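Summary of structural features
As a plain string of letters, each chain reads:
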Amino acid sequence: MLRLKLLAQKCTQLERFYCTVNKFNTLNEAAKFLSPLLDVKEPTMYRYLTKHDFLLELERDDIRRKLDYFRYLRASNEEILQQPNLLMVHLITLENRTTILRECGFVESLNLAALSKYITLVRQKVRALKKNLLIPADLDMVEQLRKQFELDVLPVGLKSSDDLNVQPLREQFISEFLRQRLELSDVELKRLWQSYSKIKHKSFGHTQRVVDILQYDYKFSREKIVGNLYLLHADPENLLRYPSVVPSIGGMDIKELMVKQPKVMMVPCDKVQQLLAVLRSHEIDESGILKYSAILTLAPDTIQARIVQIKKTKEFEVLLKHPRITKLIAYQTKAAIRLDFLQQLKVRCASLNVLASHSQGFEKYVRDGCDRTKGKDTAHFFSQIFAQKSDEVFTHLKRHPNWFHIPTVQIQETMDYLRAQQYTLEDIGENIQIVLYPLSRITTKLDKLHECARTGRPHDELGIELVGVSASQMLSLCLYTMELDFHFTGDGVWPEQVQLNDASTSTNIELPKTLNKDYKYGKKPAVKVGL
C-alpha cells in the first residue's frame, strides 16, 4: 500500500512538473517566456497574448522549434507576430507547405504570409498567382512540377496552361508518380484519393522519400505498401530514426515489427521510447505491444496514470503480469466502467478479455448470464507464482466441481493470506483447492485447528488430537472441515452472500435498459436529474 501511494505521488509530481515546465498556467508566465524570444517588452507581449490567448495551449519546446523554423525562412519578429495562427500549425505541416510552395515556383514570395494563406494559394489558377506576382510570369507550371521527380512523370494528355488550377494539377502528378513507381491501377488510385485525400498536402519530395524508405530501408513489397497506403502520410525522418531510437520491442527487431504492424510507423519514435520506459518502470512485459499496438496511440503520461489506477483496483492489479495487460491498459477506462457495472449485477468472474472486449462480445457475455471463468487469467496468475509446476497445480485446481466460479482476485487474496501465515508455495500447491474458498471461512477453520494443536485438546469435528501435524496437513484438514459442513458437494466455495439455485453456470440477472447504449461501449449512463 505504501509503495502504491509513493507511485501515485510520483505520478502527480510528474504531471505537475510537465504542466509547469512545458505549458503556461497564466498570461504573465507566457509573456515572460515569449518577450525575450521575440524581442518584445513584457507589457506589450501581455497585451498581445490577451488578444491571442490560444497561444497559451502551446508547449514551450514546440514554440522554440517553430520560431527557429520561421527564422530559417528569414522571417523577422514583426512578421512572426503578424501571423500568430501559424504557431498553432504542426511543424511537419509547416515544412510540407513550405516545400510544396517551393515546388510550385514560389521563391521571393515565400514568406509567413504565403504560408498562412497556403490553402487559398494552392486552390488558385496559375494565372492568378502570376498576376499577384507570387510566381515568375514566365513560369511553366507543368514543367516546374515535372522536374521535381526522379522519374519522368507527366500525366497523359496534360498540356501547359495558365488556366490550370494548382491543386488538381499536383494531384495528377502524384497519381502519375504512384502509377509508375507502385504500379497502382485506376481502382487503387481511386481508393487512395477516397480514403487518404490529404496526401495532396504532402510535397512531392516527401512522397518520393517515404516510398524509398519503405522499399529500401524496411524492405516493404509493392503489395505491402499498396495494402497500407496510409503510410504515405508517414514522417520520413521518424522512419529513419526508429532503428536507432527504438531498436526492438518485446525482443522483436523494429523493422520486423513494422512489417507485421505497419501502423506503428505512424507513431513518433520518441513517444514510443518514452512509453516503453514507463512500462519497464512498472516491470510490465512490453511484448504485449506486439499484439495490442493500440496502446501506442496513448501519451506516456496517460499510460503512467492508467497503470497507477490499475494498481488501485484489486480486480485489475492481479493481472499486472498477465501477457495481455497492455490490452487492459489501452482500454482501462472502458474496462473500469464495465467492472463497476458487472459488480452491480453481482457478476464476479469476468476475465480481462471480457472487460476489454468489443461491444458485441461484452453484451453477449452479460446476456448469457454466465458468471464463470475459462481459467486463462488464473492460469497466467499461477504461472507467475508456481513457475514450472503451474500446469500441474492448475490441473489439480480444476478437479474441483466449482473452480470456474471463483475470480482470480479472490484466489490472489487467499494466496497472500496463506503466505503471510508462513505457509510455503509447496504447502499451498499440495492443497491448491483451498484458494477457492472464502477467506472468512478459511480463517475460521484454521484458527480452530491451530487452537486445538496448541492446547492439545481433540478437535470436536474431527475427533482427533492434532499432534505433529505438518503445515501441508493443516491445510488439508482445513479443506476437509470446510467441505464437511457442505457434505462434500463442493458448495463450500460460495460466499454467504452469493445465493445460487444450483452449482450450474448461470445467474439470473435483470439487464438495465442502458446496456445497449452505454455500458457495453464503456460509458456510464447519463444520470437523470429530477426537476
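Now for a quick tour of the structure. Sequence order as written defines residue numbering, which begins from 1 separately in each chain. The predicted origin of the model limits local features to residues at a pLDDT of at least 70 and limits the giving and counting of side-chain atom pairs to 80 or more, whereas totals for whole chains, interfaces and linings rest on all residues. Water and hydrogen atoms play no part in the side-chain values, which are based on all heavy atoms of the structure.

1. Points about the overall build of the chain
Under the scheme used here, helices are H or I runs from DSSP no shorter than 4 residues and strands are E runs no shorter than 2 residues, and both carry numbers assigned from the N terminus. Per the secondary structure count, the chain includes 29 helices and two strands. Accessibility here uses a 1.4 Å probe with only protein chains present; expressed as a share of the type maximum, an area under 20% marks a residue as buried, one over 50% as exposed, and anything in between as partly exposed. Counting over 531 residues, the chain shows a buried share of 48%. Throughout, a contact is declared for two residues whenever any of their heavy atoms are within 4.5 Å. Sequence separation of at least 24 residues holds for 68% of the intrachain contacts in the chain that already meet a minimum separation of 6.

2. A few points about the environment of I213
Note that I213 resides in helix α13 (residues 204-217). Given the relative accessible area of 3%, I213 is considered buried. Remark: the alpha-carbon pair of I213 and L239, spanning 26 residues in sequence, is separated by 7.5 Å.

3. Here we look at helix α24 (residues 376-386)
For α24, the set of buried residues is D377, T378, F381, F382 and F386. On an axial view of α24, the arc spanned by its buried residues comes to 140 degrees, and they lie on one face. The inward-facing, buried residues of α24 abut α22 (352-355), α25 (390-397), α26 (408-420) and α27 (425-430). Just downstream of α24, A387 is the residue with a positive phi angle, here 55 degrees. Directions pointing from the helix axis toward each C-beta atom define the arc.

4. Comments concerning the environment of V467
With respect to the helices, strands and loops of the structure, V467 is situated in the loop between α28 (439-455) and α29 (471-484). Separated by 15 residues in sequence, V467 and C452 place their C-alpha atoms 9.1 Å apart.

5. Let's talk about the side chain of R306
As for its placement among the helices and strands, R306 is situated in helix α18 (residues 300-312). Here R306 sits buried without a salt bridge, and the closest side chain of opposite charge, D301, lies 9.7 Å off (N-O distance). Apart from residues no more than four positions distant in its own chain, R306 is found in contact with L298, I329, A330, Y331, Q332 and T333. Counted as positive: Lys and Arg. Counted as negative: Asp and Glu, with His and the chain ends omitted from the count. The salt bridge definition used is simple: a Lys or Arg side-chain nitrogen within 4 Å of an Asp or Glu carboxyl oxygen.

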